[in-house]
Amino acid sequence: MSEIEKAKGETIVALLRRLREAKTRGEKKTAQRVLDGIFKSLGLGSMAEAAELMAADNVFEALESLSPKPDADALIDLALAEGDFFCSLKGDPFADVKCGEGRFVTYSLASEDFRDWLICLARERFEKTPSLMAVKTAVCTLSAVARRQGERRDVCFRITKHGGKIYIDLDDGLVAEVDATGWRLINSPPVRFQRIAGMQPLPTPQSGGSIKQLRRFLNLDENSFILYVTWIIDSLRPGRRSRPILYLAGEQGAAKSTAAEFARRLIDPFVAPLRTLPTEVRDIFVDAHNSRVLAYDNVSKISPTVSDALCQIASGSGFAKRKNFTNAAQTLIEGNRPVILTGIANTITRSDLADRAVILNLSPISPEQRRSESEIWREFENELPQILGALLHCLACGLNQLPHISLGRAPRMIDFARFGVACERGFAADGDFMRAWEASAEEATEAVVEVEPVALAILAFMEGRGSWSGTAASLLTELKNSDRAEARPTRWKEFPRDCGAFGKKLRGDMATLRAKGLVVTFGKASDQKRTRTIEIAWGDARKSPSPLPDARFDGSQKKPSGNIVPLKR
């Protein structure tokens, strides 16, 4: 061995010894195991043998690999310098990280996105990949910092409201701001949006478009199109309130799924836009936790439990369960999401869900009118920016007009009805929305009556009668003995056979019967047998169409003076 080679070998040995002496006892053992592994992989038995081969490339590569990886403290310092850490109102840790010039994106510290960001940042700064243990320790520490030392901020999905303005998350850091004067694009919103796996960006909206551009992609009549557009605009409006459920019904090939995908593409694009309706309530609320819009395709049956869960999602109820691996901690999931359902036949059989539903029936598409799906989607994506811009214009118009709208009487889903009247000035004629809304309400009632045997039997029984009074037992007997309905609902297996079940079912059908003009009243028990008296009578709306609510400006207020101009229809 030459003197130069010997000097190099001694330098390598000194560096290895210094590395071992600079660490703690536990780290010394770890470093020793690493050194022994390197020597063994090189076929070396001692430091002297390593020095003899110090000129080989693999020796220098092995030496380079011994340089320490970034530890947890280095990762924590780096993350704190590059990100802003805080927690949500529910106490979950989040971080704002830069994603471009003047933009930032918000990550949950429990997400893979944040972990990937931290690893890539460490490789860029230290040119080394941190160990998995260092990453876990850093994330755990940063979560504690966010909860204990960070601010509390509201973190939202896709759409939120702040300071009287609506903010819609379009892409990383790019947000659409909408108020009563119009809409605009901003890079630094005063709100935070959570990014989760599967979320897709919304297109950058463009002005100058028209709602009419959307019309030609849909297999809907005029009334259905008005309700469809209004539902989309209302879904772009945040806030806790009862939301209508959009139900698209029609036979095979009626473009139900395509219409549902278009609606979701305009509100909350996702990797899997349409899904199968879950059978468990927990799974529905998990969907609500991870999506702005719930869209379920080809629904053939809705169980009572799932029907109640959909009503809870639409009205804003929450779901709580015990957190895994804990005794008393809870996981809370908030509802209040727009819901889309599609099916060949209307599967809504409960009056409470029907009362929240916007049922749109799609007619079959003739072979001459049928187009390839790829062609439709290509044209739709080309016009999507202008269509979204037109919807934002209508949203701004609705916000402008809403304080000045007064309804003569309160229809079902009054918040949606008022906003629909306010929005129609942006894309339809005055009165068009209420006519379509009343027709949808009648369709929802008829859909429930068709499958509710008790309601169907009572409606047939009361034909030609002004009123009826008696007990549940006597009413059940009369219905069975004189079933006047053509469908013979008393013979259906769903028809209750005992008085208790019959009375419970009748109470559930009271809203449906009231919508058809029949008023059912349960009296108090007046004898020791605790027998209740039931009274059934036709109301004022019998045999006559219900008058449309009078939608008008409140004369005591001034008309809006914002810079909203009528949109091209």
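Check the entry above for the structure.
Criteria and cut-off values
Residues numbered from 1 in each chain as written. Predicted model: local features only at pLDDT ≥ 70, side-chain atom pairs only at ≥ 80, totals over all residues. Heavy atoms only, no water. 1 Å grid on protein atoms, 1.4 Å probe; cavity = no way out; pocket = protein on both sides within 12 Å on 5 of 7 lines; lining within 4 Å. Points joined across faces, edges and corners; volume = space filled by probe spheres on them. Helix = DSSP H or I, 4+ residues; strand = E, 2+ residues; numbered from the N terminus. Nonpolar A, V, L, I, M, F, W, Y, C, P; charged D, E, K, R; others polar. Axes fitted to C-alpha atoms, helices over the stretch in contact; angles between N-to-C directions. Parallel < 35°, antiparallel > 145°, perpendicular 65-115°, else oblique. Left-handed = near helix turned anticlockwise from the far one by under 90°. Contact = heavy atoms within 4.5 Å. Pairing = 2+ DSSP bridges. Buried < 20%, exposed > 50% of the residue type's maximum accessible area, 1.4 Å probe, protein only. Salt bridge = Lys/Arg side-chain N within 4 Å of Asp/Glu carboxyl O. Arc of directions from axis to C-beta. Polar contact = N/O pair within 3.5 Å; in protein donor to acceptor, adjacent residues only side chain to side chain.

Asks: Summarise the layout of surface pockets; cite the residues concerned and give the values.
Replies: The volume enclosed by the largest pocket comes to roughly 1,400 Å³. Only β2 (93-100), α6 (112-126), α7 (132-148), β5 (155-156), β6 (159-162), α11 (281-290) and β14 (330-334) provide two or more residues apiece to the lining of the largest pocket. Tallying contributions element by element places β14 first for the lining of the largest pocket, with five residues. Classifying every residue of the lining of the largest pocket by side-chain character gives 17 nonpolar, 14 polar and 14 charged.

Asks: Go over unusual backbone geometry with me, naming the residues and quoting the values.
Replies: Look at A255: it is not a glycine, yet its phi comes out positive at around 65°. Turning to its location among the elements, A255 is positioned in the loop between β11 (245-249) and α10 (256-267). At N298, a position not held by glycine, the phi torsion is positive, near 55°. Topologically, N298 is positioned in the loop between β12 (294-296) and α12 (304-315).

Asks: Give a detailed account of the packing of helix α9 (residues 222-235) against α10, specifying residues and quantitative values.
Replies: How two helices pack is summed up by the angle between their axes together with the distance between the axes. At a minimum axis distance of 10 Å, the contact between α9 and α10 shows a crossing angle of 30°. Of the possible angle classes, the one that applies to α9 and α10 is roughly parallel. Judged by the sense of rotation from one axis to the other, the crossing of α9 with α10 is right-handed. Contacts from Y228, W231, I232 and S235 in α9 reach A259, F262, A263, L266 and I267 in α10.

Asks: How would you explain the pairing of β6 if you had to name every residue and give the values?
Replies: One ladder, built from four bridges, connects β6 with strand β7 (residues 165-171); its direction is antiparallel. Paired with I159 across the bridge in β7 is I168. From the end of β6 to the start of β7, which pair antiparallel, there are two residues, and G163 there has a positive phi angle of about 60°.

Asks: Pulling in residues and values, what's your account of empty space enclosed by the protein?
Replies: Throughout the structure, instances matching the rule amount to two cavities of 30 Å³ or more. What the largest cavity holds in volume is close to 100 Å³. Among the elements of the structure, β3 (103-108), β7 and β10 (192-193) are those that each provide at least two residues to the lining of the largest cavity. When residues of the lining of the largest cavity are assigned to their parent elements, the largest contribution, three residues, is made by β3. Among the residues forming the lining of the largest cavity, the class breakdown is six nonpolar, two polar and five charged.

Asks: Please give an account of the sheet that holds β6 that cites residues and values.
Replies: Taken together, the four strands give an open sheet; going across it, the order is β6-β7-β8-β9, and neighbouring strands pair in antiparallel fashion. Bordering the open sheet on either side are β6 and β9 (182-186), each of which pairs with just one other strand. On average, each strand axis in the sheet is inclined to that of its neighbour by 25°, with strand direction left out of account. By the bridge criterion, five bridges tie β7 to strand β8 (residues 174-179) in an arrangement that is antiparallel. Each residue of the ladder has a partner; that of I168, found in β8, is A176. Contacts from helix α14 (residues 373-401) reach β7, β8 and β9 within the one sheet, and its direction differs from that of β8 by about 35°.

Asks: Now, about the sheet that holds strand β18 (residues 467-470): what can you tell me, with residues and values included?
Replies: Two pairing modes exist for strands in a sheet, parallel and antiparallel, and in both the strands are linked by backbone hydrogen bonds. Pairing is antiparallel in the open sheet, where three strands are placed in the order β18-β20-β19. Each of the sheet's edge strands pairs with one partner strand only, and the pair in question is β18 and β19 (518-522). On average, each strand axis in the sheet is tilted by 10° relative to the strand beside it, whichever way the strands run.

Asks: Break down the environment of M510 for me, with residues and values.
Replies: Turning to its location among the elements, M510 is positioned in helix α20 (residues 510-515). Residue classification places M510 among the buried residues on the basis of a relative accessible area of 18%. Here the alpha-carbon distance between M510 and S351, two residues 159 residues apart in the chain, equals 8.9 Å. Once you skip the residues sitting within four places of it in the chain, M510 turns out to touch V520 and F522.

Asks: Could you give me a rundown of the pattern of salt bridges, with the residues and numbers involved?
Replies: Any two side chains of opposite charge can pair, on the condition that their charged atoms come close. Within this structure, the stated rule accounts for 24 salt bridges. Between R153 and E151 there is a salt bridge, with its nearest N and O atoms 3.1 Å apart. Judged by its relative accessible area of 15%, R153 falls in the buried class. One salt-bridge network, in which partners are shared between bridges, spans D84, D96, E151, R153 and R192.

Asks: Tell me what's going on with helix α19 (residues 499-508), and back it up with residues and numbers.
Replies: By the burial criterion, the buried members of α19 are F502, G503 and L506. Angular distribution of buried residues about the axis of α19 spans 95°; they occupy a single face of the element. Relative to its buried face, α19 has exposed residues pointing more than 90 degrees away, namely G500 and K504. Its buried side turned inward, α19 meets α17 (453-461), α18 (472-481), α20, β19 and β20 (534-538). For α19, the N-terminal capping position is held by D498, with its side-chain oxygen 3.2 Å away from the main-chain nitrogen of G500.

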